[in-house]
Amino acid sequence: MRKKLGLLRCEKAEDEALVSDLLHVFHSTGADFTNSFRLLSDFPIPGSSTSFTFAEFLAKLIEQCASLEELKLAFTPSMDPRQLSILLALSQSNPQLFELIGDKRGVAKEMDRIERFSELQQMTTEELLSKLKKAWTDWLQKYRSRLENEAEGVDDVAELKAERVKVMNANNPKFILRNYIAQNAISAAEDGDFSEVRRVLKLLEHPYSEDACVEEELMQEATVEAPASCEPLSNKRIPYHSKPPDWSGKLLVT
């Protein structure tokens, strides 16, 4: 995990808390893990970049976060309210029996989902945006402080920056086999067209590549080959490294 965050020179006691806080931000904001980790390599060691703008970087991270509707879907309670009520009553009246037939962690998780879902139901898009910005800003301040520690005593900060970016990009893939990418390839293959399968396999041969030409070539190839009457075309033309589209949240892995 330290390599994913570009913490290469020394191990600090606060690193565990930094990672734990980051995972909490991921959970609360619904941020895309793959793209957000990849973006962090653009967050510079303090003093190593004159072109970096915090507001622009924050905006890129916010783009990777879930929308209000996506968060509502993610935190929709999954347990029947009547079943939950029975389990809660049982935990109070007969703790021993509850231990035998109940799932304490599952009940606690469901209670958290209900609380979060209720909170989201009352929230506006503007309020969510404010919360997203605050969550990421608070964590990035801690990360910046940690990167300052990382650079202490270093004569050539530019060299450290280059090494940090290299290691981070070697541990945070740009491309992964997302459900919607696989589904597009499967749907085409079921119709006898295996070209998308070949493109995806070619892309995944170099998941850490920063060579934009690789993806652009595959996207252009897909656009040329795709039949004009194909309805899912708009889904297929999404860049392979993009945050998953809304419709992909309805896919079920079997």
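Cut-off values and rules
- Residues numbered from 1 in each chain as written.
- Predicted model: local features only at pLDDT ≥ 70, side-chain atom pairs only at ≥ 80, totals over all residues.
- Heavy atoms only, no water.
- Helix = DSSP H or I, 4+ residues; strand = E, 2+ residues; numbered from the N terminus.
- Contact = heavy atoms within 4.5 Å.
- Expected span 1.5 Å × (residues − 1).
- Buried < 20%, exposed > 50% of the residue type's maximum accessible area, 1.4 Å probe, protein only.
- pLDDT = per-residue confidence, 0-100.
- Salt bridge = Lys/Arg side-chain N within 4 Å of Asp/Glu carboxyl O.

### Re the side chain of Arg 38
Among the secondary structure elements, Arg 38 is positioned in helix α2 (residues 33-39). Setting aside chain neighbours within four positions, we find Arg 38 in contact with Asn 169, Asn 172, Pro 173, Lys 174, Tyr 208, Ser 209 and Glu 210.

### Some thoughts on helix α10 (residues 179-190)
Here α10 contains 12 residues, and its C-alpha end-to-end distance of 16 Å stays within 8% of the 16 Å for a straight helix at 1.5 Å per residue. Within α10, the full set of buried residues consists of Tyr 180, Ile 181, Asn 184, Ala 185, Ala 188 and Ala 189.

### A closer look at the confidence of the model for the chain
With 89% of its residues at a pLDDT of 70 or more, the chain has an overall mean of 86. Within the model, the stretch residues 224-236 combines pLDDT values under 50 with 10 contacts to residues more than four positions away or in other chains.

### Comments concerning the pattern of salt bridges
Evaluated as defined, the whole model comprises 12 salt bridges. Between Asp 15 and Arg 2 there is a salt bridge, and its shortest N-O distance comes to 3.3 Å. Taken together, the residues Asp 15 in helix α1 (residues 15-29) and Arg 2 in the segment before α1 connect sequence positions 13 residues apart. For Asp 15, a relative accessible area of 6% corresponds to the buried category. Residue Arg 2 is classed as partly exposed on the basis of its relative accessible area of 25%. Residues joined by salt bridges that share partners form a network here, namely Arg 2, Asp 15, Arg 146 and Glu 150.

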